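# An overview of the molecular structure
Residue-level listing of the chains:
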Amino acid sequence: MSTPTEVAPAPVRKRSLYRGDPGMWSWVLHRITGVSIFFFLFVHVLDTAVIRVNEDTYTQIIETYKTPLIGLMEIGLVFCVLYHALNGLRVILVDFWGKGPKYQRQMLWAVLTVFAVVFIAAAVRMLQILITHAF
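Let us look at the structure shown here.

What counts as what
- Residues numbered from 1 in each chain as written.
- Predicted model: local features only at pLDDT ≥ 70, side-chain atom pairs only at ≥ 80, totals over all residues.
- Heavy atoms only, no water.
- Helix = DSSP H or I, 4+ residues; strand = E, 2+ residues; numbered from the N terminus.
- Rg over C-alpha atoms; globule rule 2.2 N^0.38 Å.
- Buried < 20%, exposed > 50% of the residue type's maximum accessible area, 1.4 Å probe, protein only.
- Contact = heavy atoms within 4.5 Å.
- Areas by Shrake-Rupley, 256 points an atom, 1.4 Å probe, with all protein chains shown as cover.
- Lys, Arg positive; Asp, Glu negative; His and termini not counted.
- Charge placed at Lys NZ, Arg CZ, Asp CG, Glu CD.
- 1 Å grid on protein atoms, 1.4 Å probe; cavity = no way out; pocket = protein on both sides within 12 Å on 5 of 7 lines; lining within 4 Å.
- Points joined across faces, edges and corners; volume = space filled by probe spheres on them.
- Nonpolar A, V, L, I, M, F, W, Y, C, P; charged D, E, K, R; others polar.

## Some words on the overall build of the protein
Of regular secondary structure, the protein possesses four helices and zero strands. Tracing the protein from N to C terminus, the helices and strands come up as α-α-α-α. A compact globule built from 135 residues should have a C-alpha radius of gyration of about 14 Å, whereas the protein, at 24 Å, is more than 25% larger. Taken along its principal axes, the extent of the C-alpha atoms in the protein is 90 × 45 × 30 Å. Counting over 135 residues, the protein shows a buried share of 19%. Counting contacts in the protein only where the partners sit at least 6 residues apart, residues at least 24 apart contribute 66% of the total. Only carbon and sulfur atoms are counted for the fraction: they give 70% of the accessible area of the protein, which is about 10800 Å². When the 12 positive and 8 negative side-chain charges of the protein are each reduced to one mean point, those points stand 18 Å apart.

Have a look at this one:
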């Protein structure tokens, strides 16, 4: 005859700490833009260093940068730099201002508003230049 044993309760699944809050998405976008800027700077240093090796190759590289595809990538770069800079200021305020954590959500919406206004203006201007040079 066997003795009954207690069965351990089923583990309770805990939800993730991140539930799609706007602060989480600003954090994710901040990291993505930071990595994108890093890779741009890496490529920029490499292509600039080519001038010391061979001026003709450097000239060919610069010519490829005058294509519409690279123009669209430049708009993406403006997106990354602008968002990363503005959100970085917000992060500094949250970290070093005593009332930063209390107002972090309002600062996020302020950053997104300023970002949208400035980026739309910059993107429109850059697209105008891109279209003018493409045709």
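## Concerning the layout of surface pockets
Size it by volume and the largest pocket reaches roughly 340 Å³. As for the largest pocket, its lining consists of 13 residues, of which Phe40, Ile70, Met73, Glu74 and Leu77 are closest to the centre. Elements supplying a minimum of two residues to the lining of the largest pocket: helix H1 (22-53) and helix H3 (68-96). Across the lining of the largest pocket, the residue classes tally to eight nonpolar, three polar and two charged. Empty space within the second largest pocket amounts to approximately 260 Å³. Every residue lining the second largest pocket is listed: Tyr65, Lys66, Thr67, Pro68, Gly71, Glu74, Ile75, Met126, Ile129, Leu130, His133 and Ala134. At five residues, the largest contribution of residues to the lining of the second largest pocket is made by helix H4 (residues 104-134).

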